[in-house]
Amino acid sequence: MADNLCVFRGDRLVLDGVSLHLHAGDAMLLTGPNGAGKSTLLRVLAGLRKPDSGQLTWNGQSIFEDPAAHAERVAYIGHQDALKPGLSVAENLHLFTRPGARMADALEAMDLLPLANLPARLLSAGQKRRTALARVLLAEAPLWLLDEPSLGLDSAAITLLGHAMAAHRARGGILIATTHVPLPLDNTCALDLPGATDPRPFGAFEGDYA
Ligand SMILES: Nc1ncnc2c1ncn2[C@@H]1O[C@H](COP(=O)(O)OP(=O)(O)OP(=O)(O)O)[C@@H](O)[C@H]1O
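Here the structure is a predicted model, which means the values were calculated and not measured.

Asks: Run through the environment of G54, naming residues and quoting values.
Replies: Along the chain, G54 turns up in strand β4 (residues 53–58). It is 9.0 Å that separates the C-alpha atoms of G54 and V7, two residues lying 47 residues apart in sequence. The residues contacting G54, other than those within four sequence positions of it, are D3, N4 and L5.

Listed below in structure tokens is the structure:
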């Protein structure tokens with residue numbers, strides 16, 4: 001699915017020849033130190049950022065030939081939960097509900113039924129994360145790309161996340177997640193991005209700090 005991806009951020013080569021190949025039901029954890037490029041890789045896989053070189057394919061077809069089709073097959077969450085603060089939990093989810101997807105099931109899966117009518121601006125960090133995860137469920141997409149999905153979750157919510165990820169894989173879904181902590185997942189493969197020391201010495205930053 002990804003072959004020899006290279007990505008620069010600024011003048012720094014963040015991803016240097018990354019390749020990965022996953023099949024239905026697979027789960028991959030992206031690990032590595034802060035700044036290693038895990039979020040960058042997820043955004044590239046989501047089609048949100050073009051690699052500087054390398055191939056990205058789905059069933060043999062380049063994702064860049066039909067970006068809209070790729071967007072349809074991806075459910076992505078970044079570090080930000082990207083909820084509309086003035087809308088309720090249910091209204092936020094409604095924006096992403098595909099015809100036929102059952103919102104009540106997604107609310108229940110993330111224990112959000114009691115919060116369904118609360119404006120998103122009143123949610124705690126963990127409740128916002130659970131809402132973002134419910135949105136992933138509603139996308140009914142075969143490829144989940146989750147950037148630190150357990151961020152802010154309590155142990156009960158992490159258990160719910162584990163159930164949701166297992167069910168997704170049992171349906172043949174693929175999951176790629178960045179994480180700094182263990183996630184409740186069996187039979188994962190891992191890609192550890194080593195990171196790099198910044199090639200620019202401190203003196204190379206020529207800001208005017210006076
Ligand atoms: N807009 C930008 N311009 C230049 N460099 C950037 C930009 N955004 C991020 N970077 C750099 O890209 C590198 C990779 O960042 P990325 O967020 O992918 O790392 P990460 O592995 O997800 O880190 P973390 O574990 O802290 O979430 C970092 O060195 C970061 O400083």
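Asks: Lay out helix α1 (residues 38–45) in plain terms, naming residues and giving numbers.
Replies: With six of eight residues buried, α1 lies mostly within the body of the structure. Among the residues making up α1, those that are buried are K38, T40, L41, L42, V44 and L45. With its phi angle positive at about 85°, G47 sits one or two positions after the end of α1.

Asks: Mind laying out the side chain of R129, listing which residues take part and the relevant values?
Replies: Along the polypeptide, R129 turns up in helix α5 (residues 125–139). Contact partners of R129, with chain neighbours within four places excluded, come to I77, G78, H79, Q80, D81, D147, E148, P149, L151 and L153.

Asks: Explain the packing of aromatic side chains residue by residue, including any values.
Replies: This structure, assessed with the given rule, holds zero aromatic pairs. Above the plane of the ring of F64 lies K50, whose end atom (NZ or CZ) is 4.6 Å from the centre.

Asks: Break down the sheet that holds strand β7 (residues 143–147) for me, with residues and values.
Replies: Spatially, β6-β7-β8-β3-β9 is the arrangement adopted by the five strands of the open sheet, whose pairing is parallel. In this open sheet, the two strands that pair with only one neighbour each are β6 (74–77) and β9 (189–192). Geometrically, the sheet is characterised by an average inter-axis angle of 15° between neighbouring strands, direction not taken into account. Bridge analysis of β6 against β7 gives four bridges, and the strand direction is parallel. Of the residues in β7, the one forming a bridge with A75 is W144.

Asks: Account for the site of the ligand, with residues named and values stated.
Replies: Taken together, 15 residues lie around the ligand, and R12, K38, S39, T40 and H180 are the ones closest in. Contact between the ligand and G35: an oxygen atom at 2.8 Å from a main-chain N or O atom of the residue. Between the ligand and the protein, one listed contact pairs an oxygen atom with a side-chain N or O atom of T40 at 2.5 Å. With the chains in place, 62% of the 650 Å² that the ligand exposes on its own is no longer accessible. If you list the elements that add at least two residues to the shell around the ligand, you get β2 (12–20) and α1. The dominant element in the shell around the ligand, judged by the number of residues it contributes, is α1, at three residues. Residue composition of the shell around the ligand, grouped by class: three nonpolar, eight polar and four charged.

Asks: Provide a residue-level description of the nonpolar core, including the pertinent values.
Replies: Membership of the largest hydrophobic core comes to 37 residues, with the highest contact counts inside it found for W144, L146 and L175. Counting only elements with at least two residues in this core, the list comes to β3 (27–31), β6, α3 (89–94), α4 (103–109), α5, β7, α6 (155–170) and β8 (174–178). The biggest single contributor to this core is α5, with seven residues. Here L175 is in contact with D26, A27, M28, W144, L146, M165, H168, R169 and L185, once residues within four sequence places are set aside.

Asks: Can you explain α6? Please cite residues and give values.
Replies: The first and last C-alpha atoms of α6 sit 23 Å apart over 16 residues, in line with the 22 Å expected at 1.5 Å per residue. The complete set of buried residues in α6 reads A157, L161, G162, A164, M165, H168 and R169. Across the axial projection of α6, the buried residues extend over an arc of 170°, all falling on one side. Turned more than 90 degrees from where α6 packs its buried face, S155, H163 and A170 sit exposed. Two or three places before A156, at the opening of α6, D154 has a side-chain oxygen 3.2 Å from that residue's backbone nitrogen. Positive phi appears at G172, one or two residues downstream of α6, with a value of about 95°.

Quick notes on the rules
- Residues numbered from 1 in each chain as written.
- Predicted model: local features only at pLDDT ≥ 70, side-chain atom pairs only at ≥ 80, totals over all residues.
- Heavy atoms only, no water.
- Helix = DSSP H or I, 4+ residues; strand = E, 2+ residues; numbered from the N terminus.
- Contact = heavy atoms within 4.5 Å.
- Buried < 20%, exposed > 50% of the residue type's maximum accessible area, 1.4 Å probe, protein only.
- Phe/Tyr/Trp six-rings, centres within 6.5 Å; stacked < 30°, edge-to-face > 60°.
- Lys NZ or Arg CZ within 6 Å of the ring centre and 35° of its normal.
- Pairing = 2+ DSSP bridges.
- Axes fitted to C-alpha atoms, helices over the stretch in contact; angles between N-to-C directions.
- Near = heavy atom within 4 Å.
- Polar contact = N/O pair within 3.5 Å; in protein donor to acceptor, adjacent residues only side chain to side chain.
- Areas by Shrake-Rupley, 256 points an atom, 1.4 Å probe, with all protein chains shown as cover.
- Nonpolar A, V, L, I, M, F, W, Y, C, P; charged D, E, K, R; others polar.
- Core = buried A, V, L, I, M, F, W, Y, C linked by side-chain atoms within 4.5 Å.
- Expected span 1.5 Å × (residues − 1).
- Arc of directions from axis to C-beta.

In short, shape yes, function no, at least from these values alone.
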